[in-house]
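Spelled out from the first residue to the last, the chains are:
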Protein chains: 2
Amino acid sequence: MRQNYKLTILYDGTRYHGWESKPGLPTIQGKLEGVLERLAGAPVEVIGAGRTDAGVHARGMVANVWLDTALTPEELRDYLNRYLPEDIGVREVRPAAERFHARYKAVGKTYRYTCYDGPMKPIFDRRYVARLEQPADEAAMGRGAAYLMGEHDFKSFCGNPKMKKSTVRRVDSIDIVRTGGYLTFTFHGSGFLQYMVRIMVGTLLEVGYGNLPPERVGEILAARDRSQAGPTAPPEGLCLMKVDY
Amino acid sequence: MRQNYKLTILYDGTRYHGWESKPGLPTIQGKLEGVLERLAGAPVEVIGAGRTDAGVHARGMVANVWLDTALTPEELRDYLNRYLPEDIGVREVRPAAERFHARYKAVGKTYRYTCYDGPMKPIFDRRYVARLEQPADEAAMGRGAAYLMGEHDFKSFCGNPKMKKSTVRRVDSIDIVRTGGYLTFTFHGSGFLQYMVRIMVGTLLEVGYGNLPPERVGEILAARDRSQAGPTAPPEGLCLMKVDY
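Residues numbered from 1 in each chain as written. Chains lettered and ligands numbered in written order. Predicted model: local features only at pLDDT ≥ 70, side-chain atom pairs only at ≥ 80, totals over all residues. Heavy atoms only, no water.

Enquirer: Mind showing me how you'd approach the overall build of chain A here?
Expert: Scanning chain A from N- to C-terminus turns up five helices and ten strands. Over its C-alpha trace chain A gives a radius of gyration of 19 Å, about what one expects of a compact globule, namely 18 Å for 245 residues. Structurally, chain A occupies a C-alpha span of about 60 × 40 × 30 Å along its principal axes. Within the span of chain A, comprising 245 residues, buried residues form 51% of the whole. In chain A, the proportion of contacts linking residues at least 24 apart, taken out of those at least 6 apart, comes to 71%. Carbon and sulfur atoms make up 49% of the accessible area of chain A, which totals about 11,400 Å². Within chain A, one finds 34 positive and 29 negative side-chain charges whose respective centroids are separated by 3 Å. (Helix = DSSP H or I, 4+ residues; strand = E, 2+ residues; numbered from the N terminus. Rg over C-alpha atoms; globule rule 2.2 N^0.38 Å. Buried < 20%, exposed > 50% of the residue type's maximum accessible area, 1.4 Å probe, protein only. Contact = heavy atoms within 4.5 Å. Areas by Shrake-Rupley, 256 points an atom, 1.4 Å probe, with all protein chains shown as cover. Lys, Arg positive; Asp, Glu negative; His and termini not counted. Charge placed at Lys NZ, Arg CZ, Asp CG, Glu CD.)

Take a look at the structure:
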């Protein structure tokens, strides 16, 4: 009997062309579907909560998939972990309600962006940290980040110039924490546009470097113009931590 | 003027053929000497506290090197970090006394070995953890480890069958800690023979799996025969944490 399953997935995105299946290219969705199609003997669609971009990581991606299998949820998790590559893992498989849809039912997401601006060189975590060329002032960035909280039109922070749907989103919180040379930005919000977290980080870093005053972030937001914002921060620092339902 | 320097080095050993220079193969010593020879314009010998094997990591390797350079120690550190590959870093460079020799003056070493026996799959730390096929009982391993503490002839735990020098070493402590599915073995001692930590771990894991009773470890030690001990645990779980002087 076909059953809907909720999967919680983690991956090191370094060598993938993002979440979404692309013919002939390694993607997370493609790897998951490949393993499940071998199990099911039929085409399978794995629906993710969202698309992470090439090189972006996840510790709490959620997906759902309809399957007809005699395996228990734990056996299904173990089967996936056995046949998936070493950089993709499944933390949990649970039977889900028929109406559960990983993308449509998501009501919030948490992303973390990690940078390093210290004198050392990240070695063991070098694939998961964006290394900065100069120190960034977290207090100034915190003042800049305040302008981004709440419900706004984030068109200036959208990487897709052809975006036709609404670019209004709600950012509930942005926490910036320094631990030695490590700076982590934790974003929680209703949802995020393409590259939105990375453009927010790239813009806040300009504030942190002293190239922009914090209040400029409010003006950039109001401009609704991508060219006013800072650069897109590199993918390796970004990780999808959690999806809320 | 030539000056002796003490370097504290960390590296991800995954893609190296160990510490010691080998013609035509990537090694940690070879990479360090290559960068310093470019700086010095002359051959340079980097003396390590010990040789780590292929695939073994370090967070606190110590080395010394004699150099004639106008750079300050901080500039020397930054120069090394800039030109070394992304998986080798230098935490500190300090001027050292003339008599300082990283190998001869070392009086103790700390190694950590990390395993995982949980139902999940290590993803972000997969290169630094040995994954076990079955759960290991840390209490039984602790009872077995007690036989290894103190000064003994560790011939049974030496990977070099042609070892002509003394195989007597002193192991001060072996701490085995479980955190969820992670098991860390921390060894402190006067020095360790080739593969000694990995053979001790491989033997203790046999105890942890229930294949050997804890008291068998004492008999293996007394036998002074490598064939009595367990297998050599894989290199990726091992990390040189600290060298004492």
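Picking up after the structure, the text goes on.
Enquirer: What should I look at first to understand the packing of aromatic side chains in this one?
Expert: Two aromatic rings, taken as a pair, are described by how far apart their centres are and by the angle between their planes. Under the counting rule described, the total for this entry stands at 16 aromatic pairs over all chains. Ring centres of phenylalanine 100 of chain B and tyrosine 245 of chain B lie 4.9 Å apart, and the angle between their planes is 65°; on these two criteria the pair is classed as edge-to-face. Highlighted residues: phenylalanine 100 of chain B in the loop between strand S4 (88–96) and strand S5 (108–116) and tyrosine 245 of chain B in the segment after strand S10 (238–244), separated in sequence by 145 residues. Here the basic side chain of arginine 59 of chain A rests over the ring of phenylalanine 124 of chain B, its NZ or CZ set 4.0 Å away from the ring centre. (Phe/Tyr/Trp six-rings, centres within 6.5 Å; stacked < 30°, edge-to-face > 60°. Lys NZ or Arg CZ within 6 Å of the ring centre and 35° of its normal.)

Enquirer: Even after reading the chapter, I still don't get the packing of helix H3 (residues 138–145) of chain B against helix H4 (residues 196–208) of chain B, so can you show me in this structure?
Expert: Two quantities define a packed helix pair, namely the angle between the helix axes and the distance between the axes. Residue and element names in this part refer to chain B. For the pair H3 and H4, interaxial distance at closest approach is 8 Å and the crossing angle is 130°. Viewed along their axes, H3 and H4 adopt a mutual orientation that is oblique. The crossing of H3 and H4 is right-handed. Facing Ala140, Met141, Gly144 and Ala145 of H3, the residues of H4 in contact are Leu204, Leu205, Val207 and Gly208. (Axes fitted to C-alpha atoms, helices over the stretch in contact; angles between N-to-C directions. Parallel < 35°, antiparallel > 145°, perpendicular 65-115°, else oblique. Left-handed = near helix turned anticlockwise from the far one by under 90°.)

Enquirer: What is the right way to look at the relation of the copies chain B and chain A in this model?
Expert: What relates the pair of chain copies is a rotation about an axis plus a shift along that axis. The operation relating chain B to chain A is a screw motion whose rotation component is 180°, with 0.0 Å of axial translation and a residual RMSD of 0.0 Å. Those values place the two copies in the arrangement expected of a two-fold rotation axis. Taking C-alpha positions as the reference, the residue of chain B nearest the rotation axis is aspartate 125 of chain B, at 4.2 Å. Comparing contact sets, 100% of the residues at the interface of chain B also lie at the interface in chain A, consistent with an isologous, same-surface contact. (Least-squares fit on C-alpha atoms with pLDDT ≥ 70 in both.)

Enquirer: Looking at this structure, I do not really get the confidence of the model for chain A. What am I missing?
Expert: When pLDDT is low, close inspection of the predicted coordinates is not appropriate. Looking at chain A as a whole, its pLDDT mean stands at 96, while 100% of the residues score no less than 70. On the interface metric, ipTM, the complex scores 0.90, and its pTM is 0.91. (pLDDT = per-residue confidence, 0-100.)

Enquirer: Could you clarify how one ought to interpret the environment of asparagine 81 of chain A in this entry?
Expert: With respect to the helices, strands and loops of the structure, asparagine 81 of chain A is situated in helix H2 (residues 73–83). C-alpha separation for the pair asparagine 81 of chain A and glycine 159 of chain A, spaced 78 residues apart in sequence, amounts to 33 Å. Excluding residues that lie within four positions of it along the chain, asparagine 81 of chain A makes contacts with Gly89 and Val90 of chain A together with Pro119, Met120 and Lys121 of chain B.

Enquirer: How should the pattern of salt bridges be read in this particular structure?
Expert: Note that side chains of opposite charge can pair when their charged atoms are close. Summed over the entire model, instances satisfying the criterion amount to 22 salt bridges over all chains. Across the salt bridge formed by arginine 178 of chain B and glutamate 138 of chain B, the nearest N and O atoms sit 2.9 Å from each other. Of this pair, arginine 178 of chain B sits in strand S8 (residues 168–179) while glutamate 138 of chain B sits in helix H3, and the two are 40 residues apart along the sequence. Among the residues examined, arginine 178 of chain B registers a relative accessible area of 29% and is labelled partly exposed. With its nearest N and O atoms 2.5 Å apart, the salt bridge here joins aspartate 153 of chain B to arginine 224 of chain B. Of the two residues, aspartate 153 of chain B sits in strand S7 (residues 150–153) while arginine 224 of chain B sits in the loop between helix H5 (216–223) and S10, which places them 71 residues apart along the sequence. Beyond isolated ion pairs, a larger network of salt bridges with shared partners links Asp12 and Glu86 of chain A together with Arg126 of chain B. (Salt bridge = Lys/Arg side-chain N within 4 Å of Asp/Glu carboxyl O.)

Enquirer: I tried to follow H3 of chain B on my own but got confused; where do I start?
Expert: Side chains that are three or four residues apart share a direction in an α-helix, a result of its 3.6 residues per turn. Residue and element names in this part refer to chain B. Considered for burial, the residues of H3 that qualify are Ala140, Met141, Gly144 and Ala145. Buried residues of H3, seen end-on, are gathered within an arc of 140° and therefore sit on one face of the element. Looking at the buried side of H3, the elements it contacts are S8, strand S9 (182–189), H4 and H5. (Arc of directions from axis to C-beta.)

Enquirer: Looking at this structure, I do not really get the side chain of aspartate 244 of chain A. What am I missing?
Expert: All names here are of chain A. Within the fold, aspartate 244 resides in strand S10 (residues 238–244). Exposure remark for aspartate 244: the relative accessible area of 17% places this residue in the buried category. At 2.7 Å, the side chain of aspartate 244 and the side chain of histidine 188 are in polar contact. Those residues in contact with aspartate 244, other than ones at most four positions away along the chain, are Lys105, Ala106, Val107, Gly108, Lys109 and His188. (Polar contact = N/O pair within 3.5 Å; in protein donor to acceptor, adjacent residues only side chain to side chain.)

Enquirer: Help me understand the interface of chain B and chain A, please; the structure alone is not making it clear to me.
Expert: For an interface, size is often stated in terms of accessible area lost upon the parts coming together. Contact residues are listed per partner, giving 26 residues for chain B and 26 residues for chain A. Buried surface at the junction of chain B and chain A, summed over both partners, amounts to about 2,100 Å²; 57% is from carbon and sulfur atoms. Looking only at chain B, the three residues that lose the most surface to chain A are Lys121, Phe124 and Arg126 of chain B, adding up to 34% of its buried area. A salt bridge links arginine 126 of chain B to aspartate 12 of chain A; the nearest nitrogen and oxygen atoms lie 3.1 Å apart. On the surface where chain B and chain A come into contact, there are 14 residue pairs in polar contact (both at pLDDT 80 or more). Residue assignment for the side of chain B that touches chain A shows that the elements contributing at least two residues are strand S1 (3–11), strand S3 (57–67), helix H2 (73–83) and S4 of chain B. (Buried area = accessible area lost by both parts, 1.4 Å probe.)

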